[in-house]
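Chain and residue survey
Each chain, letter by letter, is given below.
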Amino acid sequence: MSAIDQLRAGQPLLVETFAEWREAARELLVHDVPPEAVTWSTPYAGGDLFSGAPPTAGQPHTPAGIPPAASSKPRHAPPSIPRSLMDMLQSAACCRVPDRWAFLYRVIWRWQQGEHDVQSPADEDGARLNAMVKAVRREEHDMHAYIRFRERAPEAGPPRFVAWYEPQHDVLPQVAEHFVSRMGKVSWMIATPEASVLWDGQTLHNTGPLVKNSEDLEDTGEALWLTYYRSVFNPARLNQAVMQQHIPSHRWKNLPEGKIVTHMISEAARGARKVGQYEAVGQRKGTTIPIAPEDAQPERQQPSKLDECRRCELWQFATQAVGGEGPKKAKIMFVGEQPGDQEDLAGQPFVGPAGKLLDQVCEQAGVDRDTIYVTNAVKHFKWEPRGKRRIHKTPAQKEIEACHYWLDKELAHVQPTVIVALGATALKSVMRTANVTLKNSIGHPVFHEGHWIVTTYHPSYVLRVPGEEAKRAAFQTMVDSLKLAQDLLDRQPEEPPA
């Protein structure tokens, strides 16, 4: 039965979706039916004031403005609604207000009558329309932010992740599309009191309510999450007003951490603020005892990949680990200090300004850079902030020693004849001691553990040393050191004294 026929029969227009409302509104506009002549209703009895009233006995009464059955010819051409207004109407249709369909029809009727300011926030209806759109978009944002997926046991079968949420508006379909693009082919379900959506990895399924509340969802990892949340909660820095501003209180009940937030706030108010830092203070380091790291650490499985290395704390602040590059059996190996800012971002050694200067040194010394293996004594970038820049910071001896594990692997794999130590940090790493100086080692090669060791400046020193004369002298020292390394390739090593 068409919308006009339902109105002639004295029946309210039953509408459940925006698509149904749009078709009905299109027919009503074509027949020039005013808003006051239409009664709208929804399956859950939400609609106009009298939409749930029983029909009157006897002959149905046709409201004023409804064309009689004998004159069913359309009075107007199909309406032309701009895309911007239609998008606003579609978004506002998700707002849970009792008279949403009647209100939306009044807006579109006024537009059809030439009152185009109905879309403006300055208009009474326009202000309400914009407020409804804003409320729906806010609900979409909150649902993106506050949904907490819980992982199910693999033997339970799909869906792998499930979530419970109680939205204030009908935004589940568009939010589901968001998670389809975010979750890939992993199966999941979002359940709400009114409806549910399931994603099987390829198709999105819409269905009615499947669970009653969040208690129906099992999560073996929730206890671990709550333990982590308690550990990062700092009662000394609690600001309850800001906390409620970022996450309204009515959202807490569906968050796993919401179960313990109220208790932790009350504990903070009863004195936890005063003792909240005691544990952290107790973990502060005391006097450092000089002992070799390998003697102080228990036996444990060593990392097999550089990206998995946690032998020191530098990995926490670097973008990535930077390994060496070059021929598998290079005769000369350059060992620098650590990756710089550009190397940290690129994941390759000596690609920044220092790397370009090293290319010039190789060219001046007549050595093909592609025949040299380049690496660093420390594999992660150590830095400190200065404004918006990350400034290099010299690695500590314990960090150099922690990276011996990786340098030893490179030396065993490449087996170079000559190692050129670029700077003091590289020299200490190669010689396995802090009791060596750059000044006394330049120009004096030594044979150490099966390799010739040649010491020279790091390219970054040449870049930052003040004065052009000093720069030329440092650059020439690097060139002479590389030529010396080339000469040592054919020299028979002399055994050092015992």
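Everything in this summary refers to the structure shown in the same document. What you see as residue numbers is a count from 1 along each chain, following the sequence as written. Only residues with pLDDT of at least 70 get local features here, since the model is predicted, and only at 80 or more are side-chain atom pairs given and counted; chain-wide, interface and lining totals rely on the full set of residues. By convention in this description, side-chain values take in all heavy atoms of the structure and omit both hydrogens and water.

With that out of the way, let us pick up the environment of valine 107. Mapping valine 107 onto the fold places it in helix H4 (residues 100-112). Summary of the burial criterion: residues with accessible area below 20% of their type's maximum are buried, those above 50% are exposed, and those between are partly exposed, where the area comes from a 1.4 Å probe applied to protein chains only. In this structure valine 107 comes out as buried when scored by relative accessible area, which is 0%. Expressed as a C-alpha distance, the spacing of valine 107 and proline 35, which sit 72 residues apart in the sequence, is 9.3 Å. Contact criterion: two residues are considered in contact whenever any of their non-hydrogen atoms come within 4.5 Å of each other. Contacts of valine 107, omitting those with residues within four sequence positions, involve Leu85, Leu89, Val118, Asp125 and Leu129. Put simply, DSSP marks the helices as runs of H or I at least four residues long and the strands as runs of E at least two long, and each gets a number from the N terminus on.

Looking now at the pairing of strand S14 (residues 451-456). Within S14, six of the six residues are buried, leaving the element largely enclosed by the surrounding structure. Residue alternation in S14 divides its side chains into two sets, His451, Ile453 and Thr455 and Trp452, Val454 and Thr456, and both sets are buried. The pairing criterion for strands is at least two bridges between them, as found by DSSP. Two strands pair when backbone bridges link them, and strand S13 (residues 446-448) and S14 are joined in this way by three bridges, in the antiparallel orientation. Across the sheet, residue valine 446 finds its bridge partner in S14, namely isoleucine 453. Counted along the chain from S13 to the antiparallel partner S14, the turn is two residues long, and its residue glutamate 449 has a positive phi close to 50°.

This part is about the state of the cysteines. Here, two cysteine sulfur atoms that lie within 2.5 Å of each other are counted as a disulfide. Within this structure, the stated rule accounts for zero disulfides. Lacking any disulfide linkage, cysteine 309 is separated from the closest cysteine sulfur, that of cysteine 403, by 5.9 Å. Judged by its relative accessible area of 4%, cysteine 309 is buried.

This part takes up the packing of H4 against helix H5 (residues 124-146). A pair of packed helices is characterised by two quantities: the angle between their axes and the separation of those axes. The convention used is that axes are lines fitted to C-alpha atoms, helices contributing only their stretch in contact, and that angles between N-to-C directions extend from 0 to 180 degrees. At a closest axis distance of 11 Å, the pairing of H4 and H5 adopts a crossing angle of 130°. Considered as vectors, H4 and H5 are oriented oblique to each other. In the packing of H4 onto H5, the handedness of the crossing is left-handed. Here H4 contributes Arg100, Phe103, Leu104, Arg106, Val107 and Arg110 to the contact with H5, which in turn contributes Asp125, Arg128, Leu129 and Met132. Taken together, the residues of the contact of H4 with H5 sort by class into five nonpolar, no polar and five charged. Roughly parallel refers to an angle under 35 degrees, roughly antiparallel to one over 145, roughly perpendicular to one between 65 and 115, and oblique to any angle outside these ranges. Each helix crossing is assigned a hand: it is left-handed if the near helix lies turned anticlockwise from the far helix by less than a right angle, otherwise right-handed if that turn is clockwise. Residues are grouped as follows: Ala, Val, Leu, Ile, Met, Phe, Trp, Tyr, Cys and Pro are nonpolar; Asp, Glu, Lys and Arg are charged; all remaining types, including Gly, are polar.

We now examine the packing of helix H3 (residues 83-92) against H5. Axis separation between H3 and H5 bottoms out at 8 Å; the angle between their running directions is 60°. Between H3 and H5, the angle falls in the class oblique. Seen along the crossing, H3 lies across H5 with a hand that is left-handed. Each of Leu85, Met88, Leu89, Ser91 and Ala92 in H3 lies in contact with H5, whose residues at this interface are Leu129, Asn130, Met132, Val133, Val136 and Arg137. Class assignment of the residues belonging to the contact of H3 with H5 gives a composition of eight nonpolar, two polar and one charged.

Here we come to the packing of aromatic side chains. Here the distance between the centres and the angle between the planes together describe a pair of aromatic rings. Whether two aromatic rings pair depends on their centres lying within 6.5 Å, for rings of Phe, Tyr and Trp, where Trp uses its six-membered ring; planes under 30 degrees apart make the pair stacked, over 60 edge-to-face, and the rest tilted. The final tally for this structure, using the stated rule, is nine aromatic pairs. Geometrically, the ring pair formed by phenylalanine 149 and tryptophan 188 is edge-to-face, given 6.0 Å between the ring centres and 70° between the ring planes. Taken as a pair, phenylalanine 149 in the loop between H5 and strand S3 (150-151) and tryptophan 188 in strand S5 (residues 188-191) lie far apart in primary sequence, 39 residues in all. Here a set of aromatic residues connected by ring pairs shows up, and it is made of Phe18, Trp21 and Trp101. Directly above the ring of tryptophan 315 sits arginine 310, whose terminal nitrogen or CZ lies 3.8 Å from the centroid. Here, over-ring charges are defined by two tests on the NZ atom of lysine or the CZ atom of arginine: distance to the ring centre within 6 Å, and angle to the ring normal within 35 degrees. Positioned above the aromatic ring of tryptophan 383 is the side chain of arginine 390, whose terminal nitrogen or guanidinium carbon lies 5.4 Å from the ring centre.

Residues Trp21, Leu28, Trp40, Leu89, Leu104, Tyr105 and Leu129 are the most contacted members of the largest nonpolar core, which totals 53 residues. Going through the elements one at a time, helix H1 (3-8), helix H2 (18-30), H3, H4, H5, helix H6 (172-183), S5 and strand S6 (196-199) are the ones with two or more residues in this core. For this core, the element with the most residues is H4, which contributes nine residues. For this analysis, a nonpolar core means a set of buried residues of the types Ala, Val, Leu, Ile, Met, Phe, Trp, Tyr and Cys, connected via side-chain atoms within 4.5 Å. By size, the runner-up hydrophobic cluster in this structure holds 24 residues, among which are Phe350, Ile372, Val374 and Leu482.

With mixed pairing, the five strands of this open sheet are ordered in space as S9-S8-S12-S14-S13. Edge positions in the sheet fall to strand S9 (372-376) and S13, since each has one partner strand and no second. Shown here is a sheet whose adjacent strand axes are inclined to one another by a mean of 30°, direction ignored. Across four bridges, the pairing between strand S8 (residues 332-336) and strand S12 (residues 418-422) is parallel. Bridging across to S12, isoleucine 332 finds its partner in valine 418.

Now for the pattern of salt bridges. For salt bridges, the criterion is a side-chain nitrogen of Lys or Arg within 4 Å of an Asp or Glu carboxyl oxygen. Summed over the entire model, instances satisfying the criterion amount to 20 salt bridges. Sharing partners across several salt bridges, the network here consists of Arg106, Arg110, Glu115, Asp117, Asp123 and Asp125.

Without other data, these values stay purely geometric and don't point to any function.
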